[in-house]
Amino acid sequence: MKKSVKELHAIRAKMWDASISRHEHYIDKSTGLFSTKFTEERSCPVCTNNTPAFMFNKEGGTYVKCSSCNMVYLNPVFIDEELTKFYQSNHSVQSEIVETDEDDFYSTIYNQGLDSVLSKAQLLTSILDIGCSSGAFLDLAAKRGLKTIGIELNESEFRLAEQKGHETYNDSLENIDFKQEIDIVCMWDVFEHIKDGEVCLNTIKSILSINGLIFLQIPSSDALAAKMLGAKCNMYDGIEHVNLYGIETIKKIANKCGLEIASMKTVISEISVMNNYLNYDDPYMGDTKNQSSVHGIIDEKSIHENLLGYKLQVILRR
Ligand SMILES: [Zn+2]
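A brief report on the enclosed structure follows. Being a predicted model, the structure only gives us computed values, none of them experimental. (Residues numbered from 1 in each chain as written. Predicted model: local features only at pLDDT ≥ 70, side-chain atom pairs only at ≥ 80, totals over all residues. Heavy atoms only, no water.)

Remarks on the coordination of the zinc ion
- Within the first shell, the zinc ion binds the protein through C44 (SG), C47 (SG), C66 (SG) and C69 (SG), at distances of 2.3 Å.
- Here the zinc ion binds four donor atoms, and the angle range of 101 to 116° at the metal identifies the geometry as tetrahedral.
- On the primary sequence, the residues serving as donors to the zinc ion are separated as C-x2-C-x18-C-x2-C. Taken together, the residues C47 in the loop between β3 (39-40) and β4 (52-58) and C66 in strand β5 (residues 61-66) connect sequence positions 19 residues apart. Exposure class is identical for C47 and C66. Each is buried. (Donors = N, O, S within 2.8 Å, 3.2 Å for Na, K, Ca; no water. Tetrahedral: all angles 85-135°; square planar, octahedral: opposite > 155°, others 65-115°. Helix = DSSP H or I, 4+ residues; strand = E, 2+ residues; numbered from the N terminus. Buried < 20%, exposed > 50% of the residue type's maximum accessible area, 1.4 Å probe, protein only.)

Here it is as structure tokens:
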């Protein structure tokens, strides 16, 4: 059944509250920020410059912008061990949300992603979804005749995907010995969680076939909604979204790995969120009156034509 925008936001709000309530455990009450025993400082994950400009604090975390390349990132950031522990305890609500994965909202976006990537090259026969959850995207890929492979670290979601017949691994990418090179590697809303994007892209490149493609969907720090709402935008969660790429920074990191942009587009306008905010309401739970344009001025078409949508979909090739 198709969900209304308000229902979807209510689901997201529930996930958000469940996740944010768990930040408290890590916060140093004297500063309101994450305790330094859980975090480490780092330089820009795209250009390695080390002169970031402070942007804002959010739920214990600190977002900065690189003064050289404009990359937006968390600094300090959780050390790997603590981030892993955080995710391991994070899944009770997410598993519940996964059950709604197959509604129209995601199916439409997933199918559009498949259309885009399949139009970019010939003879693509296998697809890997990193962070495949219960396999909703792989189900759609299987219907297109692709051999489907998934990686999922959460054990209950991994089992669901495996039961559906997808070749599924409950391990990190770098530990898996794939039997074949892979034609398409997808990461839906995953790449922004990875601290070292360069290492990740190079690892993916090493398992990719010669004509292979990488598909990324990531929240865009160039989104109009993100720029308008700033710290209030739920793209900025404080722990999990460690790297928020924009149009130039995703190009820059891809090029560093010897990859080029085959296509780039944006999806999800967030017009209703922006209108709520401009009406002084809660941007995510406000009573949306206008869903067709921002303040009667900027419509969905112009948002996406200018790559100002909430999420960037990027296809990379060698
Ligand atoms: Zn930089």
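Next, the rest of the story.
Section: the pattern of salt bridges
- Following the criterion strictly, the structure yields 14 salt bridges and no others.
- In this structure, K147 and E167 form a salt bridge, with 2.9 Å as the shortest nitrogen-oxygen distance. In this pair, K147 sits in strand β9 (residues 147-151) while E167 sits in strand β10 (residues 167-169), placing the two residues 20 residues apart along the sequence.
- Across the pair E260 and R317 runs a salt bridge whose closest N-O atoms are separated by 3.3 Å. Of the two residues, E260 sits in strand β14 (residues 260-267) while R317 sits in strand β17 (residues 311-317), which places them 57 residues apart along the sequence.
- The class for E260 is partly exposed, based on a relative accessible area of 38%.
- Several salt bridges share partner residues, and in doing so they unite E40, D80 and K195 into one network. (Salt bridge = Lys/Arg side-chain N within 4 Å of Asp/Glu carboxyl O.)

Considering helix α5 (residues 136-143)
- Most of α5 is tucked away, with six of its eight residues classed as buried.
- Taken as a whole, α5 has its buried residues at A136, F137, L138, D139, L140 and A141.
- On its buried face, α5 sits against α4 (104-118), β8 (126-130), β9 and β11 (182-188).
- Following α5 by one or two positions, G145 has its phi on the positive side, about 90°. (Contact = heavy atoms within 4.5 Å.)

Topic: the sheet that holds β4
- Reading across from one edge, β4-β5-β6-β13 is the order of the four strands in this open sheet, with antiparallel pairing throughout. Each edge of the open sheet is held by one strand with a lone partner, namely β4 and β13 (243-244).
- As defined by bridge partners, β5 adjoins strand β6 (residues 72-74) across three bridges and the pair is classed as antiparallel. In the sheet register, V64 faces β6, and the bridge partner there is Y73. (Pairing = 2+ DSSP bridges.)

Here's the deal with the environment of I303
- Topologically, I303 is positioned in helix α11 (residues 300-305).
- Given the relative accessible area of 0%, I303 is considered buried.
- When the C-alpha atoms of I303 and I268 are compared, they prove to be 9.4 Å apart, with 35 residues separating the residues in sequence.
- In contact with I303, other than residues within four places in its own chain, are T266, S269, I271, M274, V294, I298, L308 and G309.

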